[in-house]
Amino acid sequence: MDNLNLTRRGLLAGSIGAASLLALAACAPSAPPAASSGGVAGSKSKIGAVKGTLTFAFWGGSDGETAGFAYAKKKFEAANPGSTITLKILPYDGFFQGIDRGITSGTAPDIFRVDYTTIGKYSAKGVLLDVSPYFSASESAAFLPALWEAVKYKGIAYGVPHQTDTTAIVFNKAAFATAGITSVPDKLSDAWSWDEFSKVATKLRKTLPDSKYPFAYDWTAAGAYRWSSFIYQAGGSLLTADLKKAAIPSAAATKAMDFTKSFFDKKWVPANNTVKTTVYSDNFFLNQTVPMTFIGDFLIPELADPKDGYKGGEWGTTFMPRDKSAASDLGGNAIVARKDTKNPELAAAFLKFLVSEDSMKYFCEQAIELPTLKSLANSKLDYVNRPDAVKVFTEQAATISTTVVKESTVASFATINTVLQDQLELAFHGQSSSATISAIAGGITSALAS
Amino acid sequence: MFLLPNIVMIAVFTLLPLIFAFVISFQNLDSLGGWSWVGFGNYVKLVTDPVFWQSMTNTGIFTLFTVPVGMILGLGIAVLLNGVLPGRTLFRSIIFLPLVVSGVATGVLGAWMFDQSNGFINRILGSVGIAPTAWQSDGFWAMASIILVTLWQRVGFDMLIYLAGLQGVDPSVQEAATVDGATGWQRFRLVTFPLLGPSTFFLLIMNMIYSFQVFDTVWAMTRGGPGFSTTTVVSYAYRTSFDEHGPQLLGYGAAVGVAIYLISLAITAIQWRFSSSRDQTD
């Protein structure tokens, strides 16, 4: 046992040594680089010929998305001889961990995709290329205003809004007929009120067996923020207009919380359609546990897939319910470039190319996603799957208000979303509305202060 | 000289990360490298964080049910498969098989099986007239499902170690006990089981460390929910530090990691203490 004693001593010595190294490790704290402007807006909008090689990383959300990016790469390289864009397709899980490690070690891809609710983190830390100089006023004005705002931080654009998506309702037509639901809104202005939606859910509940539920909602995991749509519909907001404080508790928040908690009390949603679960709202619809579900338009290809898609019969789409107003969540992604990319001109040129009308149109048609250019948003795209369904989502996207965009893109949104995840999970398992709202308000306050 | 490569590897891949973890636990560090010293701030936050203590309790409950039950099952199966049983090699392989499957794969499989709406388990229960169990929306049953999947995965390891221990038991000792009139149960309880002492100690410590560090199965099956009812210490550390859509508090996560390290160190110290006395009595 002598060797054991030695090892024990060695380990203890090692532990003490590790602790003592703390003292040696004292050095100046590292502050993140400050956000800065790369020049006057529009001053470099005529980029001219570009050459060189850059890497563009994105997650392969679907075959359609990959095809869309591959199309843009091919066209860009053909239009700019001597330029090469190396596509790096990565899994979604771990994507941003890889980006973050790459940024800290200087090995991150030059250009990468980022969702609107995450872009604020990178913009605020000053690691992204300021693209304002590369876009003239007319080029900036070509985007839907709310989505151009989504890529801005303190008035500076740090990326391009590439596409958007939002939530709407998908339903099984036969189940609706069985429940006696004969009229489904086909115009945004006719969207169900909360009361009308409740009546629909009640009718479905009556005709479904105990093992089935009227609907499922897409607030699972990182989608927790989609619950906020109910606050916006009720006429409230999460944050104050200056984005510096929580705008809750409020009557709208209480109304939204009571309404959504009632989904569980009335058995309108499966008991495991909560936040911390492995079953998402599209899974509930695909396995026919629910005849109606709230999903993002990017999931239409999954439902429409002839082999593995929905097998429950004909399905249609309709709008999110509305209360004082209509509202839906901000989904979709921007494309950004690293501030320290070796070839900012080439990076900016590729970003501009990705959001050119032709590239965006092809991408959206293939991936069943919504464009961010006004010209495309107002025209008919040839979607490869269920264009009738996409039409509903396109109309629904008009309810993504400037308030929704501003609140969803604050730098500390990830922390706010985590607060929402934890507190909604507890609320859906019995925590009172007042306790939940109070805890969310406290969490938002500390997130904004950090 | 021959030890140098090993020393370098241990230093680079084990000691340095350990030291950095200690250092980071005294920092406010974000995922993009911005940091500042916070002294014992993360540890103060740790001891006042109710979710941390709930995760400690959950980990304790998980350990309490997985370690002894797994070892008893493993021992029972090892005794059965140590005898002359047709196809025993096949049975051993089948029972050991889950151990070679990754924890995440096991967790995903568990999530499918225990899906409370369409899962295999509830369908089986339903076919014999038992009402569906809320495996995913009730904290008690969610923890039970994780424990069951863990036992399924780990019992093969317990069996293997006990099997090796049983094959090291001198048959002449058993024969002497038989000659002295000991019954089968007495031979097992008073002769065989005490001789399996080193195996039992090894399994106890390994299983305790494994249970204390459980993450993959929990994350794949429940994400720590419902509520925080299946959040274990490591899953909490992971979510706090590495959830890409979370706050990514690497300093605080490191403090949780240090707490896990110290507890594992304590478990190891207990092992050494008991192993030493066992060896002395041997």
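Residues numbered from 1 in each chain as written. Chains lettered and ligands numbered in written order. Predicted model: local features only at pLDDT ≥ 70, side-chain atom pairs only at ≥ 80, totals over all residues. Heavy atoms only, no water.

(A) Inspection of the sheet that holds strand β3 (residues 111–115) of chain A at higher detail. Residues and elements named next belong to chain A. Strand order in the open sheet formed by 5 strands is β2-β1-β3-β10-β6, and the pairing between neighbours is mixed. In this open sheet, the two edge strands, each paired with only one partner strand, are β2 (83–90) and β6 (160–165). Put simply, the sheet's adjacent strands are angled 25 degrees from each other on average, direction ignored. Docked against the sheet, helix α2 (residues 63–79) engages β1 (52–59), β2, β3, β6 and β10 (331–337), running at close to 170 degrees with respect to β2. Sitting on the sheet, helix α14 (residues 357–367) is in contact with β3 and β6, with an inclination near 25 degrees to β6. (Pairing = 2+ DSSP bridges. Helix = DSSP H or I, 4+ residues; strand = E, 2+ residues; numbered from the N terminus. Axes fitted to C-alpha atoms, helices over the stretch in contact; angles between N-to-C directions. Contact = heavy atoms within 4.5 Å.)

(B) Representation of the sheet that holds strand β7 (residues 167–172) of chain A. All names here are of chain A. Strand order in the open sheet made by the 3 strands is β8-β7-β9, with antiparallel pairing throughout. For this open sheet the edge positions go to β8 (292–296) and β9 (315–318), each flanked by a neighbour on one side alone. Here the strands of the sheet are splayed against their neighbours by 35 degrees on average, with no regard to which way each runs. Across 5 bridges, the pairing between β7 and β8 is antiparallel. The residue bridging V170 from the neighbouring strand is T293, located in β8.

(C) Representation of the pairing of β3(A) within the structure. Residues and elements named next belong to chain A. In terms of residue burial, β3 counts as a mostly covered element, since 5 of its 5 residues are buried. Burial along β3 is two-sided: the face carrying I111, R113 and D115 and the face carrying F112 and V114 are both buried. Two strands pair when backbone bridges link them, and β3 and β10 are joined in this way by 5 bridges, in the antiparallel orientation. Bridge assignment links F112 to a residue of β10, and that residue is V336. (Buried < 20%, exposed > 50% of the residue type's maximum accessible area, 1.4 Å probe, protein only.)

(D) Up close: the domain arrangement of chain A. Residues and elements named next belong to chain A. Here chain A is described as being made up of domain 1 (52–164 + 331–379) and domain 2 (167–329 + 404–449). Domain 1 and domain 2 are separated by 29 Å when their C-alpha centres are compared. Taken together, both faces of the contact between domain 1 and domain 2 bury some 1,000 Å²; the carbon and sulfur share is 64%. The largest share of the area that domain 1 buries against domain 2 comes from T117, G331 and I368, three residues that together contribute 46% of it. The interface formed by domain 1 and domain 2 holds 0 salt bridges in total. In this assembly, domain 1 and domain 2 are joined by 1 residue pair in polar contact (both at pLDDT 80 or more). (Domains from an automatic or database assignment. Buried area = accessible area lost by both parts, 1.4 Å probe. Salt bridge = Lys/Arg side-chain N within 4 Å of Asp/Glu carboxyl O. Polar contact = N/O pair within 3.5 Å; in protein donor to acceptor, adjacent residues only side chain to side chain.)

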